[in-house]
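Inside the fold
Here's the letter readout for the chains.
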Amino acid sequence: MIAGYAFSHETVFADLRLAAMTREREPSSKAYRQDRFENTERAAKETIEAEQRARREKTKRLKELRLSKQSGKDPATK
């Protein structure tokens, strides 16, 4: 009785292993990696552009502040 149970138990696991080995890999794995790479690249590009935009705006504000101080008008006291 026990030997019959062990045999069927092993057969079930052997069948599962065989099914796992013969199962086709998902074709989307390469597409998924490509999409992830493109999304990462896009996010990095957007971050760099945002940092550049912020730097330009800061430079513009500092320049306006410097010019207003030179002309005797302080925009912060408006």
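It should be noted that the structure appears before, not after, this text.
Residues numbered from 1 in each chain as written. Predicted model: local features only at pLDDT ≥ 70, side-chain atom pairs only at ≥ 80, totals over all residues. Heavy atoms only, no water.

1. As for the overall build of the chain
- Of the regular secondary structure elements, the chain holds 2 helices and 0 strands.
- The 78 residues of the chain split such that 1% are buried. (Helix = DSSP H or I, 4+ residues; strand = E, 2+ residues; numbered from the N terminus. Buried < 20%, exposed > 50% of the residue type's maximum accessible area, 1.4 Å probe, protein only.)

2. Here we look at the environment of Arg-42
- Positionally, Arg-42 belongs in helix H2 (residues 28–70).
- Owing to a relative accessible area of 42%, Arg-42 belongs among the partly exposed residues under this scheme.
- A polar contact is formed between the side chain of Arg-42 and the side chain of Asn-39, at a distance of 2.7 Å. (Polar contact = N/O pair within 3.5 Å; in protein donor to acceptor, adjacent residues only side chain to side chain.)

3. With respect to the environment of Ser-71
- Here Ser-71 shows up in the segment after H2.
- From its side chain, Ser-71 meets the backbone oxygen of Ser-68 in a polar contact 3.1 Å long.

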